[in-house]
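Remarks on the overall topology
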Amino acid sequence: MKKPTSEVSAPQALGRPLPPRFFMMPRDIGLFLKSARTDATILRLRATLGARAAFEAVYSRWNDPWVAASPRYRYQRRKYEQVVGMLSGRHYRRALDLGCGLGLLSQLLAPQVDELLGLDIADAAIERARQLAAHLSNFRFEQADIFDLPKTLDHGFDLVLLADTLYYLSPLDDETLKQLAVRAADLLVPGGMCVLVNHYFFAADSDSRLSRRIHRAFSSSHRLLLTSEHRKPFFLASLLTEHSSRSSPVLDQGIEGRAV
Ligand SMILES: C[S@@+](CC[C@H](N)C(=O)[O-])C[C@H]1O[C@@H](n2cnc3c(N)ncnc32)[C@H](O)[C@@H]1O
């Protein structure tokens, strides 16, 4: 296996907000190509080694498999900023980032959360997330599989993030998605918020259709209420509220958001 490249460093990951110009540059195409390379490697390895080993392998081969932290590409950083923007003006006591990767989205939320727990299937991701967030004493990162989360986490969070994670799960049939939506709701305190983010290119491509299916499963869950949906280049974000305690949801009208 190749020696990991060192594309990530804490100062890069914590860099200043990007100037509000273009959401991406032509060179961001390189990011999509590298991400596609990572995704293809995961698919290949998962078939023989299983999911956990496949994700460990890509994090061992490339420090930053989806080049989320590289200052060379602006797309990922811009996406994280837009998602955080959708949550602006709110404060959260306990946030949970499921499939946190390097924890970069989590880090941008630091001013808005009292505590954050990041979970990822790959130990290598968790190790790096810990290093990058070493200055944040209220952040904790642990290895865990979304399919096997301890019940002790239930009803413990007022914010659950699921960013670009669910489409990596297998199997992902409608029944599994339904159960995942209920599991996400179980993690929330009554009225807590679940933020679902998945890439979305064009209505017709297969990845976007999968994202659409994921978001539809969550928004049609009896345990979650869709409060706003945001379609951006090139991702889809849904803000959902735990349903049991909300008789009259507060409607969100996010940045270009569609209140529902
Ligand atoms: C594309 S990365 C997204 C990372 C992060 N959410 C972000 O937006 O930067 C997908 C992450 O999901 C994690 N993952 C995949 N399957 C998982 C599972 N079953 N349980 C927990 N994490 C998982 C991978 O290890 C990887 O870090």
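So, a few notes on the structure that sits alongside this text. (Residues numbered from 1 in each chain as written. Predicted model: local features only at pLDDT ≥ 70, side-chain atom pairs only at ≥ 80, totals over all residues.)

As for the overall build of the chain
Note the threshold: Counting from the N terminus, the helices are the DSSP runs of H or I reaching at least four residues and the strands are the DSSP runs of E reaching at least two. Remark: C-beta atoms are placed from the backbone, and a residue is labelled buried if 20 or more other C-beta atoms sit within 10 Å of its own, exposed if 12 or fewer do, or partly exposed between those counts. Contact criterion: two residues are in contact if their C-beta atoms, reconstructed from the backbone, are within 7 Å.
Assigned secondary structure in the chain consists of eight helices and eight strands. The buried share of the chain, reckoned over its 260 residues, is 37%. Sequence-distant contacts, at least 24 apart, represent 68% of the contacts inside the chain between residues at least 6 apart.

Re the nonpolar core
The cut-off we apply is this: We call a set of buried Ala, Val, Leu, Ile, Met, Phe, Trp, Tyr and Cys residues a nonpolar core when their C-beta atoms link them within 7 Å.
In terms of nonpolar packing, the biggest core is built from 64 residues, with Val160, Leu161, Leu162, Cys194 and Val195 touching the most fellow members. Top element by residues in this core is strand E5 (residues 188-200). It accounts for seven residues. Apart from the residues within four sequence positions on either side, Leu161 is in contact with Ala95, Leu96, Asp97, Leu98, Leu105 and Val195.

A short note on the site of the ligand
Which entries qualify depends on this criterion: We call a residue near a molecule or strand when the C-beta position, derived from backbone atoms, sits within 6 Å of it. Residues are grouped as follows: Ala, Val, Leu, Ile, Met, Phe, Trp, Tyr, Cys and Pro are nonpolar; Asp, Glu, Lys and Arg are charged; every other residue, Gly included, is polar.
Of all residues adjacent to the ligand, which total 21 residues, the nearest are Gly99, Gly101, Ile121, Ile146 and Ala163. Among the elements of the structure, helix H3 (51-61) and helix H5 (104-108) are those that each provide at least two residues to the shell around the ligand. Taken together, the residues of the shell around the ligand sort by class into 15 nonpolar, three polar and three charged.

Considering H3
When we look at burial in H3, the residues that qualify are Ala54, Phe55, Ala57 and Tyr59. Its buried side turned inward, H3 meets helix H2 (29-49) and helix H6 (123-132).

Digging into the packing of H2 against H3
In plain terms, the rule: Only the contacting stretch of a helix is used when fitting its axis, a line to C-alpha atoms as for every element, and angles between N-to-C directions run 0 to 180 degrees. Throughout this description, any angle smaller than 35 degrees is read as roughly parallel, any larger than 145 degrees as roughly antiparallel, any in the 65 to 115 degree range as roughly perpendicular, and the remainder as oblique. Rotating anticlockwise by less than a right angle from the far helix to the near helix defines a left-handed crossing, while the corresponding clockwise rotation defines a right-handed one.
With their axes 7 Å apart at the nearest point, H2 and H3 run at an angle of 140° to one another. Classified by the angle between their axes, H2 and H3 sit oblique to one another. Note on packing geometry: the crossing formed by H2 with H3 is right-handed. Taken together, the residues of H3 that come into contact with H2 (itself represented by Thr38, Thr41, Ile42, Leu45, Arg46 and Leu49) are Ala51, Ala53, Ala54, Phe55, Ala57 and Val58. Its residues placed into classes, the contact of H2 with H3 shows nine nonpolar, two polar and one charged.

Thoughts on the packing of H3 against H6
H6 packs onto H3 with a crossing angle of 50° between their chain directions and a minimal axis gap of 7 Å. Considering the angle they form, H3 stands oblique to H6. Side by side, H3 and H6 meet where Glu56, Tyr59 and Ser60 of the first sit next to Asp123, Ala124 and Ala125 of the second. Each residue belonging to the contact of H3 with H6 can be placed in one class, and the counts come to three nonpolar, one polar and two charged.

Overview of the environment of Glu56
Note on placement: Glu56 falls in helix H3. Sequence separation of Glu56 and Ile121 is 65 residues, and the distance between their C-alpha atoms is 8.1 Å. The contact partners of Glu56, leaving out residues within four places of it in the chain, are Ala122, Asp123 and Ala124.

Focus: the pairing of strand E1 (residues 92-98)
Selection criterion: For two strands to be treated as a pair, DSSP must find no fewer than two bridges joining them.
Summarising the sheet, E1 and strand E2 (residues 113-120) pair through six bridges and their orientation is parallel. Within E2, the residue paired with Arg94 across the bridge is Glu115. Two strands pair when backbone bridges link them, and E1 and strand E4 (residues 157-163) are joined in this way by three bridges, in the parallel orientation. Across the sheet, the residue bridging to Leu96 is Val160, located in E4.

Examining helix H7 (residues 174-187)
Heads up, the condition is: A helix is expected to span 1.5 Å multiplied by its residue count minus one. Here the arc refers to the set of directions running from the helix axis out to each C-beta atom.
An ideal rise of 1.5 Å per residue puts 20 Å on 14 residues; H7 measures up with 20 Å between its terminal C-alpha atoms. Turning to H7, its buried residues number three or more, namely Leu177, Leu180, Ala181, Ala184, Ala185 and Leu187. The buried residues of H7 occupy an angular sector of 160° when projected down its axis, which confines them to one face. In the core, the buried residues of H7 are packed alongside E1, E4, E5, helix H8 (206-219), strand E6 (224-232) and strand E7 (234-242).

Some words on the pairing of E4
Defined as follows: Crossover handedness is defined here as right-handed if the route from the first strand over the helix to the second strand goes clockwise, with the strands pointing away from the viewer.
Where burial is concerned, most of E4 is hidden: seven out of the seven residues are buried. The sheet contact formed by E4 and E5 spans six bridges and is parallel. Across the sheet, the residue bridging to Leu159 is Met193, located in E5. Running through H7, the crossover from E4 to the neighbouring parallel element E5 is right-handed.

Remarks on the environment of Leu187
Positionally, Leu187 belongs in helix H7. Sequence separation of Leu187 and Leu96 is 91 residues, and the distance between their C-alpha atoms is 8.7 Å. Among residues more than four places away in sequence, those in contact with Leu187 are Leu96, Leu153, Asp154, Gly156, Phe157 and Val160.

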